[in-house]
Amino acid sequence: MSRTILAAVAAVILAAPEVRADELQNRVLAAMRASRPDGFRFQRTSVTDRTGAARTTVVEQYDPGRPAAQRWQLVSVDGRKPTAKEAAGSRKAKRGPVPAYAELAKWFGAPATRSDASPG
């Protein structure tokens, strides 16, 4: 084989892991972007620690199949069923955007640099 062909084969072999990694990243990124933010039901647990106050654990559930005003529900507060007052307060709470797998595409798809991390 000529040196040119050997050089070309060597370049492909050396680039293959990065090319495969890029292709895998592209596939995962496409799946992230294709997922709907309102396509998943989930529970979220929040733990709050404040100096001088007891730890509070709150479990909420998001269900996109319910009417918009009822999608978020307070499931428990410190392991017990919420009081009527807590449930009413939770319904009025502003939670912002629904966490979604699609949101990860913003970071996962951002430009990146590669480096050889092996000790050398």
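Residues numbered from 1 in each chain as written. Predicted model: local features only at pLDDT ≥ 70, side-chain atom pairs only at ≥ 80, totals over all residues. Heavy atoms only, no water.

Caption draft 1: Spotlight on the overall build of the chain. A tally of helices and strands in the chain yields 3 helices and 3 strands. Each helix and strand of the chain, placed in order from N terminus to C terminus, yields the pattern α-β-β-β-α-α. Considering the chain as a whole, with its 120 residues, one finds that 17% of them fall into the buried category. Sequence-distant contacts, at least 24 apart, represent 38% of the contacts inside the chain between residues at least 6 apart. Counting only carbon and sulfur atoms, one obtains 58% of the accessible surface of the chain, whose full area is about 9500 Å². (Helix = DSSP H or I, 4+ residues; strand = E, 2+ residues; numbered from the N terminus. Buried < 20%, exposed > 50% of the residue type's maximum accessible area, 1.4 Å probe, protein only. Contact = heavy atoms within 4.5 Å. Areas by Shrake-Rupley, 256 points an atom, 1.4 Å probe, with all protein chains shown as cover.)

Caption draft 2: Main features of the pairing of strand S2 (residues 56-62). In terms of strand pairing, strand S1 (residues 42-48) meets S2 through 7 bridges, oriented antiparallel. Within the sheet, the bridge partner assigned to Thr 45 lies in S2 and is Val 59. Alignment of S2 against strand S3 (residues 72-77), held across 5 bridges, turns out to be antiparallel. Following the sheet pairing, Glu 60 is matched in S3 by Leu 74. (Pairing = 2+ DSSP bridges.)

Caption draft 3: Main features of the side chain of Glu 60. For Glu 60, the position within the fold is in strand S2. Looking at Glu 60, the relative accessible area reads 10%, which means it is buried. Here Glu 60 is in contact with Phe 42, Gln 43, Arg 44, Trp 72, Gln 73, Leu 74, Val 75, Ser 90 and Arg 95, once residues within four sequence places are set aside.

Caption draft 4: Quick look at the environment of Val 59. Counting through the fold element by element, Val 59 comes out in strand S2. Overall, the relative accessible area of 14% leaves Val 59 in the buried class. Aside from chain neighbours lying at most four places away, what touches Val 59 is Gln 43, Arg 44, Thr 45, Gln 73, Leu 74, Val 75 and Ser 76.

Caption draft 5: Geometry of the pattern of salt bridges. Within the structure shown, the criterion is met by 4 salt bridges. In this structure, Asp 49 engages Arg 55 in a salt bridge whose closest nitrogen and oxygen atoms are separated by 2.9 Å. On the basis of relative accessible area, Arg 55 is assigned to the exposed category, the value being 53%. (Salt bridge = Lys/Arg side-chain N within 4 Å of Asp/Glu carboxyl O.)

Caption draft 6: Quick peek at the packing of aromatic side chains. The full count for this structure, using the stated rule, is 3 aromatic pairs. Between Phe 42 and Trp 72, the aromatic rings sit 5.8 Å apart at their centres with planes inclined by 85°, giving edge-to-face as the arrangement. Here the residue Phe 42 occupies a position in strand S1, and Trp 72 occupies one in strand S3, the gap between them amounting to 30 residues. Residue class for Phe 42 comes out partly exposed when judged on its relative accessible area of 22%. Following the ring pairs from residue to residue traces out a cluster consisting of Phe 42, Tyr 62 and Trp 72. (Phe/Tyr/Trp six-rings, centres within 6.5 Å; stacked < 30°, edge-to-face > 60°.)

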